[in-house]
Amino acid sequence: MCRFRRRRPSFRWSLRGTRSRTVRRNGVVLNRRFVGLLLVTGLVPMVEATVLVALGFRAAQGVPPQLTALWPYDTYHDLRWLYVYHRSWWEFALWLTYVLVARGLFTTGLVLLAWPVGVPRPSLGWLLRRNVVLGVLVGGFVAPWAAISVAASVVALSWVLLASLLPMFLLAPFLQRVAVVEHWWRGLPSVSLVGWSLLNFVVLTVAGALCWVVPGWWTVPVAGVAGALNGLLWNRTVRAALRPSRLRWARVPVTPLAALLAVAVPLVIPPVTELVPGNEQWIRAAVLERPLPAAVTHAVIVLTGYGSDYGGEQPSDPRVQRFSYRGLDADGRPLAYRSVDTTRSMADSVALLTRQVELLHRRTGRRVALIGESEGAMVARTYLERRRDPAVDILVMFSPLIYAGRAYYPPPHHDEGWGVVTGWQLRAIFGLADVGGGPDEPFIRSLLDDAPFYRNQLMCPVPGVRMVAFLPTATATEAPPGEYTRIPVYQIPGVHGGLLDRRLLQDRLIDFLLGKPIAHTRAEYPLMQSFAAAWQAPPLLIAANPAWAGNRQPDPAFTGKVCLPAR
């Protein structure tokens, strides 16, 4: 009996289609496919930039260069738009299918144009299948992080934005091989692939800053130049992926392991940020644990931030009182509270603060100063807007949430609304990670439901109230570039909830309570704002959301400014 051996399918390479006509101009040889690659990658971002500039959508003008970037930044670009701008499940599913398939087809075209002349390449069908499947896989990997970037625009926290971006940065060098080689899953990427991927991140960051900084229609050619640079990087990464070289760790499935690492690394960011001394610690040392100078004529209420707790300890100075997220006892003293109590809605916290201000003013006969940190700053500023007692004439805010509420998702019982799928994906992510109370905590819903106020009025003056905000430099990366304050600010190195020079801050705080004007800006702050422009999720336009109906103030997404007169 004859025994036939079944041949295994081979990875077929061909020189067909890899030759490209060249044209000589003034002694320079031009590869037509390379020129076509630069034109395609340059023109596509220009189209998006043209639309944004025509609409006056300033807050998103740093995004277009990512449209033709290397994996996975291109998909990160697509999904951030989709997660903000969809209104129903079927609309999301339709656009998601289109985005992922179109991205795979578009990438196939870029790979064909970037393929080195004379190097055998697989068939067009193989490239199509590989890149469409890759588009779907990358979309599945990027989706949670794109959703988290939207969450970052809701709560305006830099570490949340960093957590959404780090996996893209870590996995980028590994993905460049997937589109063009067979055994993409094993071995380390070459040094050149790592270098080109890193350079792409730098190009996108700088280009995003320039797109926002340049005036008017200059954004369009800047986006075009950045897109052409993307084309050059596509050319170089395809060459680097195909170049014969010794593969390190050739038997190890490095790419899947790198994907797992990319998922795990963002989880260590919150513990790392906690290593920076928190505002609550030095506020306790400056105000709660030692008497205020006799020259301070105000009574003081200290409002600590999200996740804080309070054991009922009384401050050393009878003029000072700790705000309690549980309210007051029968004798008017703040009740002890746990961290879970800080999740209550802004309206509930404002009601508790109203009662506490009344009693402290009545007991001491003094005017009241509010010192708030993070969530506490938001509660104090909301109180001044809604239920202010004339006795309150000083507000000090540490690490307020600048330009929060830039996105939206409806409550769980709603089946439609902007960002409906984003909300459910965030609920799944928070549920699996067992992090906090989830995206529907009453405090978070307050930021979502009253977003026009927190986007427009948080950093505006209040008549009759002296105000100052102490801002860590990391705050610069928490919102698109723009002028988001009309009150004095004191900028100082640090991260949200942790300012570094504690002694200086204690002195400046006391100076402000004594009536001295304080303000300090740092040169790197607007620079950091610009460099972060490329990585912000595009904000949801206020006028587009029926849940924000009735807002009459200009949208900072168009103006780049706050506190403008109502229309």
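These figures come from a predicted structure and were not determined experimentally. One numbering rule holds for all chains: residues counted from 1, following each sequence as written. With pLDDT at 70 or above as the cut-off, local features in this predicted model cover only qualifying residues; side-chain atom pairs require 80 or more to be listed or tallied, and sums for whole chains, interfaces and linings still use all residues. Hydrogens are left out, water is left out, and the side-chain values use all remaining heavy atoms of the structure.

### What to know about the overall build of the chain
Along the backbone of the chain there are 18 helices and twelve strands. Note on classification: 1.4 Å probe, protein chains only; a residue is buried when its accessible area is under 20% of the maximum for its type, exposed when over 50%, partly exposed between these limits. Here the chain holds 567 residues, and the buried ones make up 56% of them. Using a 1.4 Å probe, the Shrake-Rupley method yields the accessible areas, and only the shown protein chains count as cover for residues. When the accessible area of the chain is evaluated, it comes to approximately 24,900 Å², of which 62% is carbon and sulfur surface. To qualify as a helix, a DSSP run of H or I must reach at least 4 residues; to qualify as a strand, a run of E must reach at least 2; elements of each kind are numbered from the N terminus.

### Considerations on the side chain of T422
Tracing the chain through its elements places T422 in helix α13 (residues 420-433). Residue T422 is classed as buried on the basis of its relative accessible area of 0%. There is a polar contact of 2.6 Å between the side chain of T422 and the backbone oxygen of Y83. Counting of polar contacts relies on pairs of N or O atoms within 3.5 Å, with two restrictions inside protein: one atom must be capable of donating a hydrogen and the other of accepting it, and residues adjacent in sequence are counted only when both atoms are side-chain atoms.

### Points about the state of the cysteines
A covalent bond between the sulfur atoms of two cysteines is referred to as a disulfide. Cysteine sulfur atoms that come within 2.5 Å of each other are treated as a disulfide pair. Tallying each qualifying case throughout the model produces one disulfide. The disulfide partner of C460 is C563, and the S-S distance across this bridge is 1.9 Å. Residues C460 and C563 are joined by a disulfide whose S-S torsion is about -105 degrees; by sign, that bridge is left-handed. Placement of C460 in the loop between α15 (451-456) and β9 (466-472) and of C563 in the segment after α18 (556-559) is noted, with a sequence separation of 103 residues between them.

### Quick word on unusual backbone geometry
Residue P72 follows W71 across a cis peptide bond; omega there is -5 degrees. Mapped onto the fold, P72 is located in the loop between α1 (32-55) and α2 (73-84). A positive phi angle, close to 55 degrees, is found at S374, a residue other than glycine.

### Section: the confidence of the model for the chain
Reading fine detail from the predicted coordinates is not recommended where pLDDT is low. Summing up the model confidence of the chain, the mean pLDDT is 85 and the portion of residues at 70 or higher is 87%. The pLDDT value expresses, per residue, how confident the predictor is, ranging between 0 and 100. Taken element by element, the chain is modelled with least confidence in strand β1 (residues 13-14), mean pLDDT 50, and with most confidence in α2, mean pLDDT 95. The contact criterion used throughout is that any non-hydrogen atoms of two residues lie within 4.5 Å. With pLDDT under 50 throughout, residues 1-12 is counted as low confidence; its partners more than four residues away or in other chains account for six contacts. In the model, residues 25-29 has pLDDT below 50 throughout and makes five contacts with residues more than four positions away in sequence or in other chains.

### A word on the packing of helix α11 (residues 346-364) against helix α12 (residues 375-386)
To describe two helices that pack against each other, one gives the angle between their axes and the distance between the axes. To obtain each axis, a line is fitted to C-alpha atoms, and for helices this fit is confined to the stretch in contact; angles are then taken between N-to-C directions over 0 to 180 degrees. Viewed as axis vectors pointing N to C, α11 and α12 meet at an angle of 75 degrees, and their least axial separation amounts to 9 Å. When the interaxial angle is binned, α11 and α12 end up roughly perpendicular. Contacts between α11 and α12 pair M346, A347, S349, V350, L353, T354 and V357 from the former with M378, V379, A380, T382, Y383 and R386 from the latter. Each residue gets one of three labels, nonpolar for Ala, Val, Leu, Ile, Met, Phe, Trp, Tyr, Cys and Pro, charged for Asp, Glu, Lys and Arg, and polar for the others, Gly among them. Counted by class, the contact of α11 with α12 contains nine nonpolar, three polar and one charged residues. Roughly parallel here means an angle under 35 degrees, roughly antiparallel means over 145, roughly perpendicular means 65 to 115, and every remaining angle is called oblique.

### What about the pairing of strand β5 (residues 299-303)?
When a strand is regular, its side chains alternate between the sheet's two faces. Across the five residues that make up β5, a large majority, five, are buried. With burial as the criterion, each face of β5 is covered, one bearing A299, I301 and L303 and the other bearing V300 and V302. At least two DSSP bridges between two strands are needed for those strands to be called paired. In this structure, β5 lies alongside strand β7 (residues 368-373), joined through five bridges in parallel fashion. Bridging from a neighbouring strand, A299 pairs with V368 of β7. By the bridge criterion, three bridges tie β5 to strand β6 (residues 320-322) in an arrangement that is parallel. Within the sheet, the bridge partner assigned to V300 lies in β6 and is V320.

### Quick look at the pattern of salt bridges
In what follows, salt bridge is the name for a side-chain nitrogen of Lys or Arg lying within 4 Å of a carboxyl oxygen of Asp or Glu. Tallied over the full model, the rule gives 17 salt bridges. A salt bridge links D511 to R508, with the nearest nitrogen and oxygen atoms 2.9 Å apart. Separated by three residues within a single helix, D511 and R508 lie in helix α16 (residues 502-513), roughly one turn from each other. By relative accessible area, D511 is classed as buried at 15%. Close ionic contact of K516 with D511 constitutes a salt bridge, the shortest N to O distance being 3.8 Å. Using a relative accessible area of 44% as the deciding quantity, one classes K516 as partly exposed. In this structure, a network of salt bridges that share partners links the residues R427, D440, R445 and D449.

### Here we look at the packing of aromatic side chains
Pairing of aromatic rings covers Phe, Tyr and Trp, the last through its six-membered ring, and needs centres within 6.5 Å; plane angles under 30 degrees mean stacked, over 60 mean edge-to-face, and all others mean tilted. Applying the stated rule across the entire model yields 20 aromatic pairs. Measuring from centroid to centroid gives 5.9 Å for F57 and F558, while their planes differ by 40 degrees, and the two rings are tilted. In this pair, F57 sits in the loop between α1 and α2 while F558 sits in helix α18, placing the two residues 501 residues apart along the sequence. For F57, a relative accessible area of 4% corresponds to the buried category. An angle of 45 degrees between the planes, with centres 6.0 Å apart, marks the rings of Y310 and Y337 as tilted. Of the two residues, Y310 is situated in the loop between β5 and β6 and Y337 in the loop between β6 and α11; the sequence distance between them amounts to 27 residues. Pairwise contacts between aromatic rings join F57, W81, Y85, W418 and F558 into one cluster. In this scheme, the term charge over a ring applies when either NZ of a lysine or CZ of an arginine sits within 6 Å of the ring centre and within 35 degrees of the ring normal. Sitting above the plane of the W424 ring, R427 keeps its charged end 4.6 Å from the centroid.

### Considering the sheet that holds β9
If you walk across this open sheet you meet the six strands as β6-β5-β7-β8-β9-β10, and the pairing is parallel. Of all the strands in the sheet, just β6 and β10 (489-492) have a single pairing partner and so form its edges. Averaged over all pairs of adjacent strands, the angle between strand axes in this sheet comes to 15 degrees, irrespective of strand direction. In terms of strand pairing, β7 meets strand β8 (residues 392-398) through six bridges, oriented parallel.

### Here's the deal with helix α4 (residues 124-155)
Helix span, expected: 1.5 Å multiplied by one less than the number of residues in the helix. Relative to the 46 Å expected for 32 residues at 1.5 Å per residue, α4 spans 45 Å between its end C-alpha atoms, a close match to the ideal helical length. Each residue is assigned a bend, namely the angle between axes fitted to the seven residues that terminate at it and the seven residues that start at it. The axis of α4 is deflected most strongly, by about 40 degrees, at V142, and proline P144 appears within four residues downstream. Of the residues flanking the end of α4, it is A156, one or two places downstream, whose phi is positive at about 55 degrees.

### Brief notes about the nonpolar core
Among the nonpolar cores identified, the biggest contains 129 residues, and V180, W234, I301, L353 and L370 are the most heavily contacted of them. Excluding residues within four positions of it along the chain, I301 makes contact with Q321, F323, L353, Q356, V357, L360, V368, A369, L370 and I371. Note on terminology: a nonpolar core comprises buried Ala, Val, Leu, Ile, Met, Phe, Trp, Tyr and Cys residues joined through side-chain atoms within 4.5 Å. If you look at the next biggest cluster of nonpolar residues, it comprises 22 residues, including V287, V320, A369 and I371.

### So, the environment of A146
Tracing the sequence through the fold places A146 in helix α4. Spatially, the C-alpha atoms of A146 and W81 are 9.1 Å apart, while their sequence positions differ by 65 residues. Beyond its immediate chain neighbours, meaning those up to four positions away, A146 contacts Y76, L79, R80 and Y83.

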